[in-house]
Amino acid sequence: MSATSATLRKLGARLRGLAGKAIEDYRMIEAGDRVMVCLSGGKDSYTLLDLLCSLQRSAPVDFELIAVNLDQKQPGFPAHILPQYLASIGVPFQIIEQDTYRVVKRLIPEGKTMCSLCSRLRRGALYHYAAEHGITKIALGHHRDDIIETLFLNLFHAGRLKAMAPKLASENGRHIVIRPLAYISERDIARYARGMNFPLIPCSLCGSQPNLQRNAIKAMLASWEREHPGRTQSIFTALRNVQPATLADPRQFDFAGLRTHPAPVMAPTLNDSASFMSEAEELIIETELNGY
């Protein structure tokens, strides 16, 4: 086995371990689940599907996987790539065809970012499919860096301390969304996708402008990581270690209900008195008690 393939195997094992840990920590997948893996053709969703397929073979519970792609009819979209790939690895799949591209182009002015509306339309189509086909979990390819970038986007531009939960219920409460890549960095996903030679489909087919705010946050985090390796992971760890009483949101902590609880009055002891003495006075008392 070559050094390259050995490195890839080691990386794959580590990513499977991290995905498995996230699934276990948040109980993302349970026995009998029918998990819909949303496949866009990008590195993240390919890696998500690959890791879930691997975990499915060794998982302590039985669950189904189905890969679902939404063909939004962008000009130049290579519609043959995903069906060929999915058929070659033997994963059940469904391609949904819906011309959301034309809707977005009609509603969004030329040159503006179309991602937000496109994402909402795509999510609606996928949720509709999930509701009609007995899907119990919807798996998305958001990774650790996506979660942290969202935290800072909300912090800097929306005045909210909000990120992406690894597991959540949809707004209408009908679907459970899971993010098994929550513990995995984008850098490792990119390395794995290159090593696995996934047939990537570019996300620039629609011609939309890039999300400049997210790119700025990404550059900021990359700069921090270069100067202080491990900072990105430390930020993510903080998201798992929240102490609401130290923040300022009265909806999350009952500040108004805080009251003191006076200690019961007790007879003073020597130790109580000593705490208010100087070291010289304490030495005098100790000398007297010990008969020196």
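Residues numbered from 1 in each chain as written. Predicted model: local features only at pLDDT ≥ 70, side-chain atom pairs only at ≥ 80, totals over all residues. Heavy atoms only, no water.

Before going further, it helps to spend a moment on the packing of aromatic side chains. Within the structure shown, the criterion is met by nine aromatic pairs. Note on Tyr26 and Tyr183: the rings are 6.2 Å apart at their centroids and 65° apart in plane angle, and the pair reads as edge-to-face. Of this pair, Tyr26 sits in the loop between helix H1 (3–25) and strand E1 (34–38) while Tyr183 sits in the loop between strand E6 (176–178) and helix H7 (186–196), placing them 157 residues apart in sequence. If you follow Arg231 out to its NZ or CZ, it ends over the ring of Trp224, 5.3 Å from the centre. (Phe/Tyr/Trp six-rings, centres within 6.5 Å; stacked < 30°, edge-to-face > 60°. Helix = DSSP H or I, 4+ residues; strand = E, 2+ residues; numbered from the N terminus. Lys NZ or Arg CZ within 6 Å of the ring centre and 35° of its normal.)

Attention now moves to the packing of helix H6 (residues 144–157) against helix H8 (residues 212–227). Each pair of packed helices can be summarised by the angle the axes make with each other and by the distance between the axes. Where H6 contacts H8, the axes come no closer than 9 Å and their chain directions differ by 115°. As far as their axial angle goes, H8 and H6 are roughly perpendicular. Note that H6 runs across H8; the crossing there is right-handed. Contact with H6, carried on its side by Asp146, Ile148, Glu149, Thr150, Phe152, Leu153, Phe156 and His157, involves Gln213, Arg214, Ile217, Lys218, Met220, Leu221 and Trp224 of H8 and no other residues of that element. (Axes fitted to C-alpha atoms, helices over the stretch in contact; angles between N-to-C directions. Parallel < 35°, antiparallel > 145°, perpendicular 65-115°, else oblique. Left-handed = near helix turned anticlockwise from the far one by under 90°. Contact = heavy atoms within 4.5 Å.)

If you walk across this open sheet you meet the six strands as E3-E2-E1-E4-E6-E5, and the pairing is mixed. The strands lining the two open edges of the sheet, one partner per strand, are strand E3 (93–97) and strand E5 (167–169). Pairs of neighbouring strands in the sheet enclose a mean axial angle of 25°, with direction left out of account. As paired strands, strand E2 (residues 64–71) and E3 are joined by five bridges and run parallel to one another. Its bridge partner lying in E3, Asn69 is registered against Ile95. On the sheet, helix H2 (residues 43–58) packs against E1, E2 and strand E4 (137–139) and is oriented at approximately 165° with respect to E2. (Pairing = 2+ DSSP bridges.)

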